[in-house]
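Fold and geometry: a report
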Amino acid sequence: MKGVMSNPVSVGVPSPQSGSTTQRNVKSSIRDLNFFYGDAQALKHIDMEIYEHAVTALIGPSGCGKSTLLRCFNRMHDLTPHTRYEGEIRLFPDDVNIVSPEVDPIEVRMRISMVFQKPNPFPKSIYENVAYGLRVRGVRNKTELDGRVEAALRGAALWEEVKDRLGEPGTALSGGQQQRLCIARALATDPEIVLFDEPTSALDPIATASIEDLIISMAGSVTVLIVTHNMQQAARVSTYTAFMYLGELIEYGPTNEMFTRPREQRTSDYLTGRFG
Amino acid sequence: MAVARQTLIRRGVRHRDVMERTVESVLFACAASAVAVTTAIVVVLLVESAGFFSHVSIVDFLTDTMWTPLFAEARYGILPLLCGTVLAAAVALTVAVPVGVMVAVYLSEFAPVKVRETVKPLLEMLEGVPTVVYGYFALLFVTPLLQNIIPDLPGFNVLSPGIVIGIMIVPYVGSVSEDAMRAVPQALREASYACGATRLQTTLRVVMPAATSGIAAAFVLGIARATGETMVVAIAAGQQPNLTFDPTQPAATITAYIVQVALGDLPHGSIGYQSIFAAGLVLLLITLLFNILAHVLRMRFREAY
C-alpha cells in the first residue's frame, strides 16, 4: 500500500521489506494468554512476540487454536457468550492489554482489522464496501472518502479492475476479486495489524497467488498475522511462523529456520505430513 | 436357489411400483384440491359479480360516492367501502410496521438467547387470540382511552379498530421480519464488527439492508392481513359506509359490509345479495395486487450473499 493516507495512529516509518535482517520492533506481545469457551480451554499459556511490518503465520492441525488466537486480537470472541480471556496481549506503542475487560473491543477493532476465510462483502456497492469502516467512524467528507477508497483499492490491487464501476454491487465480483475487496475494506481504515483467517481457502490457485502477492507487499506498511492450513503458503508469505498444537504454542521462529531445521519433533512431524 | 431368488426380486419390484403410484396419485389429489377450491372461489365470485354488474354499471360502481344497497334508493359506489378499508389498513400499518420491525430488531440482534426464546413464543401466542376479542378490546377499552385524548371522538370510529388491528398484526410482521434478519449470514455481521461497527450500526447498515426483501414481504403480508381483517372493524368502526380520510369518523370496510349483509336475510339472487360478491371480488383483487407487489419487491431486493 502506498503511503497516500494520513495515519493518525500507527507509529514510526515504514520499515524495509520483509526478509531483511534489520532489527524489528515488537508490535504486540502475548503474555501467558489463556482462552476459554465455557469450561473448555482453547489456548494454553501462549507467549509470543509479533514483529512490526512482518508477516507472521500461524500453522497447525485443525482444532489447534490458531484461529482462536487470531480472533483474540480483534476481540471477535466477545460476540460469543461464555468466552473468557486470561493473560495479556499488549499492543505497542501504547503498551495496553487489548484483551482486558476494561478495553472497549470496538476501539481494538478500529486499529486491528480482519479478512475472513470466505469472501464476505456486504450487499452494497464496491465503493460502500470499502467506505464502510470509515463511515462507521463518522467520516462524511466526500473528498476524504473518495481518496481513502481509492488508496485502499489500489492497496488491494483492485483499483484498475473496478475504477469504472464503483457503484456496482460488491457481490457481483468474482471470488478472488471479492476477497481483494474485503482486503481493501480492511485497509481503508489504516489499521496497524491486519488479521487473515485462511484467506485463500475458498479461492482457486490463480486468485490465491494474487492474494499471496498482496499479503507480501502489504507487510511493508502493516503488520500481518495470517492463519493458514497450507504450509507452502506459510513458507511463501511469512517471515515468522508459529506452530500450534492442542492449544499450545509448540515452536515459534523465523520461517526459513522452522521449515529447514525445526527444533521440536512435533513440528517436524507436522511439516513432513506425519499428522494433521 | 438362484431361480427362487429371481422370482422374489421381480415380485417385489412390481409391488413397490403399485404402491409408489398409489401414493403419488393420493398426494396429487391433495395438492389438486387446493387449486380446485381456489378456482371454485374465483368462479363463484366472478359469476355472482357478473349478475351484479348486469344491473349496476362498472362506471357507477367505481365512481359513485355512495354505498347504500339496502336503502330504497340503492346506490352502489364501492369508493366509501374501499376508503374505509384503506384507512383502517393505513392506521394499522402505521402501528404495526414500526413496532413490528423494532420487535424484530430487538429479538434478532439485541436480545439474549434466553429472552428471545421466551418472548418469541409469547408473541406468537398473541396470534391465537380470537379476533372477536380484539374487536371488543377496541370498542370497550381503546375507544374510551382515545376519547380521553380526543374528547369529541365518536363511539364508533376507524382509529380505534385500526390501532387494534395494528397491535394484532405486530406479532405477524415482527415474526416474518425477524426470520428475514436472522437469515442474514453471520459472516456479514462479523465483517461489520471487524470494521469497528457497533451493534446498532451493524443492525442498521448491514443486517436491515440485507434483509430488505424479507422486511418488505412482512410489510406486504401485513397489508394483506389488515385489509382482510373483519371482526374488529365490524364491531368497532360503526358499519356506516363513509367516504372520508379522517380516521376519527365512523366508517365501514369491505369486509364489515360483507358480514353485515351475510348475516341479514336478503333473498338469494337479489342485487343486495350479489353486491357482496362484487365487494368480495374487489377485496380479492386488492390481495392479488399486493401479492404481485410482494413478488416484485422480493425480486428487486433479492440480495445474493
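Cut-off values and rules
- Residues numbered from 1 in each chain as written.
- Chains lettered and ligands numbered in written order.
- Predicted model: local features only at pLDDT ≥ 70, side-chain atom pairs only at ≥ 80, totals over all residues.
- Heavy atoms only, no water.
- Contact = heavy atoms within 4.5 Å.
- Buried area = accessible area lost by both parts, 1.4 Å probe.
- Salt bridge = Lys/Arg side-chain N within 4 Å of Asp/Glu carboxyl O.
- Polar contact = N/O pair within 3.5 Å; in protein donor to acceptor, adjacent residues only side chain to side chain.
- Helix = DSSP H or I, 4+ residues; strand = E, 2+ residues; numbered from the N terminus.
- Domains from an automatic or database assignment.
- Phe/Tyr/Trp six-rings, centres within 6.5 Å; stacked < 30°, edge-to-face > 60°.
- Buried < 20%, exposed > 50% of the residue type's maximum accessible area, 1.4 Å probe, protein only.
- Lys NZ or Arg CZ within 6 Å of the ring centre and 35° of its normal.

**Some points on the interface of chain B and chain A**
Contacts between chain B and chain A engage 19 residues on the former and 23 residues on the latter. Summed over both sides, the interface between chain B and chain A buries roughly 1700 Å², with carbon and sulfur atoms accounting for 64% of that surface. Summed over the three residues of chain B that lose the most area to chain A, namely B:A194, B:C195 and B:R205, the buried surface amounts to 33% of that side. If you look at where chain B meets chain A, you find 1 salt bridge. Linking A:R71 and B:E190 is a salt bridge whose minimum nitrogen-to-oxygen distance equals 3.0 Å. The tally of links between chain B and chain A comes to 6 residue pairs in polar contact (both at pLDDT 80 or more). At the level of secondary structure, the elements contributing two or more residues to the side of chain B that touches chain A comprise α7 (186–194) and α8 (199–210) of chain B. No other element matches the 7 residues that α7(B) contributes to the side of chain B that touches chain A.

**Remarks on the domain arrangement of chain B**
Residue and element names in this part refer to chain B. The domain boundaries assigned to chain B delineate domain 1 (2–54) and domain 2 (79–304). Computed over C-alpha atoms only, the centres of domain 1 and domain 2 are separated by 36 Å. Counting residues at the interface gives 9 residues for domain 1, matched by 9 residues for domain 2. Between domain 1 and domain 2, a total of about 800 Å² is buried, with carbon and sulfur atoms accounting for 79% of that surface. Here domain 1 and domain 2 share 0 salt bridges between them. Where domain 1 packs against domain 2, one counts 1 residue pair in polar contact (both at pLDDT 80 or more).

**What about the packing of aromatic side chains?**
If you walk through the whole model with that rule in mind, you get 15 aromatic pairs over all chains. Here B:F53 and B:F61 contribute two aromatic rings whose centre-to-centre distance is 5.0 Å and whose plane-to-plane angle is 90 degrees, an arrangement assigned as edge-to-face. By relative accessible area, B:F53 is classed as partly exposed at 21%. Exposure remark for B:F61: the relative accessible area of 2% places this residue in the buried category. Among the aromatic residues, ring-to-ring pairing joins B:F52, B:F53, B:F61, B:W67, B:Y76 and B:Y257 into one connected group. The ring centre of A:F36 lies 4.2 Å from the NZ or CZ of A:R84, which sits over that ring. For the cation-ring pair, A:R185 lies above A:F122, with the distance from its terminal atom to the ring centre recorded as 4.5 Å.

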